[in-house]
Amino acid sequence: IQHVKRTTVPGTAPGRHEPKVTKATPHTLKHTAITWLLQKKVSVWDVAGLTATSVETITSTYGKHIPDALADAVNSTHKAPISKTFATLPT
């Protein structure tokens, strides 16, 4: 399995990137799996059990990948639903 990593090539214009192929490690594959599972809205408990990772580690490290995590909680306290896309209060 190979992993493509974009790196800046010395001596080229800023922002120019060339792909560098590296081997994927078990850690990068686990990280990718956890991220994808959370993006598919699999529960944190199920992801933790499947990947042998604590719920605390998943929420602190991968919490940003949990879609609408706070919008549902906030919506339960408001009469008008809050937009999940922007998490803004209704006007």
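Above this text you will find the structure in question.
The model shown is predicted, which means the values in this text are computed figures rather than measured ones.

Visitor: Please explain the environment of Leu37 as it appears in this structure.
Guide: In this structure, Leu37 sits in helix α1 (residues 26–39). Since its relative accessible area comes to 22%, Leu37 is described here as partly exposed. Once the C-alpha coordinates of Leu37 and Val47 are considered, the two residues, 10 residues apart in sequence, prove to be 6.8 Å apart. Ignoring sequence-local partners within four residues, the contact set of Leu37 consists of Val42, Val47 and Leu50.

Visitor: Explain the nonpolar core here, please?
Guide: A general trend in soluble globular proteins is that nonpolar side chains are found buried together. Membership of the largest hydrophobic core is limited to seven residues, which are Ile34, Leu38, Val44, Val47, Ala48, Ile58 and Tyr62. Counting residues per element, the ones that place at least two in this core are α1, α2 (44–51) and α3 (55–62). It is α2 that provides the largest number of residues to this core, a total of three residues. For Val44, the contacting residues outside a window of four places in its chain are Leu38, Val55, Ile58, Thr59 and Ile66.

Visitor: Just to check I follow, could you spell out the environment of Thr35 for this structure?
Guide: Considering the arrangement of structural elements, one finds Thr35 in helix α1. Counting along the chain gives 31 residues from Thr35 to Ile66, while the straight-line C-alpha distance between them is 8.4 Å. With near-sequence residues (within four places) excluded, Thr35 lies in contact with Tyr62 and His65.

Visitor: Looking at this model, I keep getting lost on the side chain of Thr53. Mind explaining?
Guide: Of note, Thr53 is situated in the loop between α2 and α3. A relative accessible area of 12% places Thr53 in the buried class. Of the polar contacts made by the side chain of Thr53, one reaches the backbone oxygen of Thr51; its length is 3.1 Å. What Thr53 contacts, discounting residues up to four positions off in sequence, is Lys30, Ile34, Ala48 and Ile58.

Visitor: Sorry, what's going on with unusual backbone geometry here?
Guide: Both trends apply: most residues other than glycine have a negative phi, and most peptide bonds are in trans. A positive phi angle, close to 70 degrees, is found at Lys41, a residue other than glycine. On the secondary structure map, Lys41 appears in the loop between α1 and α2. Taking relative accessible area as the criterion, Lys41 reaches 56% and is therefore assigned exposed. For Ala52, which is not glycine, the phi torsion reads 55 degrees and is therefore positive. You can see Ala52 is positioned in the loop between α2 and α3. Of the residues examined, Ala52 reaches a relative accessible area of 71% and is grouped as exposed.

Rules of the game
- Residues numbered from 1 in each chain as written.
- Predicted model: local features only at pLDDT ≥ 70, side-chain atom pairs only at ≥ 80, totals over all residues.
- Heavy atoms only, no water.
- Helix = DSSP H or I, 4+ residues; strand = E, 2+ residues; numbered from the N terminus.
- Buried < 20%, exposed > 50% of the residue type's maximum accessible area, 1.4 Å probe, protein only.
- Contact = heavy atoms within 4.5 Å.
- Core = buried A, V, L, I, M, F, W, Y, C linked by side-chain atoms within 4.5 Å.
- Polar contact = N/O pair within 3.5 Å; in protein donor to acceptor, adjacent residues only side chain to side chain.

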